[in-house]
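Single-letter residue listing:
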Amino acid sequence: QVQLVESGGGLVQAGDSLRVSCTASRRTFSSVTMGWFRQAPGKEREFVSRITWGRESNYADSVTGRFTISGDNAKNTVFLQMNSLKPEDTGVYYCAAGPVTARQEADGYTYWGQGTQVTVSS
């Protein structure tokens, strides 16, 4: 079992930056991919970004050029740096962990955190 704990959410204004973090209790073959998803009120959970411990990363088109995902292998922690935030970035941001095959689909991930709220005001 892998526990994921997110932190760093908050309330910011449009154009501001924010960094959210996710720390995994341990790393296993079933958690080599770390992903970020978000869910806005009344909408489905959507993919934001993913990274493998080997540093391969991907982004949703809506955040490319504004968000950067990175990892600290020694601390089992993944960061999502969010710049030039927009009101449409508002939502609960969830950290997820899955096997090497996990990509942009939520059902490819095995473990999920509780989520952290990010609110961007206009």
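Above this text sits the structure in question.
Here the structure is a predicted model, which means the values were calculated and not measured. Per chain, the residues get numbers from 1 upward, laid out in the order the sequence is written. Confidence filtering applies because this is a predicted model: local features only for residues at pLDDT of at least 70, side-chain atom pairs given and counted only at 80 or more, and all residues used for totals across whole chains, interfaces and linings. Side-chain metrics rest on all non-hydrogen atoms present in the structure, leaving aside hydrogens and water.

S.K.: Residue-level account of the packing of aromatic side chains, with values.
M.R.: Aromatic contacts are taken between Phe, Tyr and Trp rings whose centres are within 6.5 Å, Trp giving its six-membered ring; a plane angle under 30 degrees counts as stacked, one over 60 as edge-to-face, and the others as tilted. According to the stated counting rule, one finds 4 aromatic pairs in the structure shown. With a centroid separation of 5.1 Å and 55 degrees between ring planes, the pair formed by F37 and W112 is classed as tilted. Here F37, found in strand β4 (residues 33-39), pairs with W112, found in strand β10 (residues 111-112); they are 75 residues apart in sequence, far enough to count as distant. Take W112: its relative accessible area is 26%, and that puts it in the partly exposed class. Here the aromatic residues F37, F47, Y109 and W112 are joined through ring pairs into a cluster of three or more. Any Lys NZ or Arg CZ that is within 6 Å of a ring centre and within 35 degrees of that ring's normal is treated as a charge sitting over the ring. Residue placement shows R45 over the ring face of Y94; its charged tip is 3.8 Å from the ring centre. The ring of W112 carries the charged tip of R45 above its face, separated from the ring centre by 4.8 Å. The numbering of helices and of strands both runs from the N terminus, where a helix is a DSSP run of H or I of at least 4 residues and a strand a run of E of at least 2. Burial status follows relative accessibility: with a 1.4 Å probe on protein chains alone, a residue under 20% of its type maximum counts as buried, one over 50% as exposed, and anything between as partly exposed.

S.K.: Account for the pairing of strand β3 (residues 18-24), naming residues and giving values.
M.R.: The element β3 is largely enclosed, with a buried count of 5 among its 7 residues. Inspection of the sheet shows strand β1 (residues 4-7) paired to β3 by 4 bridges, in the antiparallel sense. Looking at the pairing, V5 lines up with T23 of β3. As paired strands, β3 and strand β8 (residues 77-82) are joined by 6 bridges and run antiparallel to one another. Looking at the pairing, V20 lines up with L80 of β8. Each pair of strands is called paired provided DSSP finds at least two bridges between the two strands.

S.K.: Before we move on, can you summarise the pattern of salt bridges with the specific residues and values?
M.R.: Every case where a carboxyl oxygen of Asp or Glu lies within 4 Å of a side-chain nitrogen of Lys or Arg is listed as a salt bridge. Counted according to the given criterion, the structure contains 4 salt bridges. Connected via shared salt-bridge partners are R38, E46, R66 and D89.

S.K.: Run through the sheet that holds β1, naming residues and quoting values.
M.R.: The 4 strands are arranged β1-β3-β8-β7 in an open sheet whose pairing can be described as antiparallel. The sheet is open, and its two borders are formed by β1 and β7 (67-72), each paired with just one other strand. Going across the sheet, the axis of each strand differs from the next one's by a mean of 15 degrees, ignoring polarity. When β7 meets β8, the two strands line up antiparallel, connected through 6 bridges. Across the sheet, residue T68 finds its bridge partner in β8, namely Q81. Think of each axis as a best-fit line through the C-alpha atoms, taken over the contacting stretch in the case of a helix, with angles from 0 to 180 degrees between the N-to-C directions.

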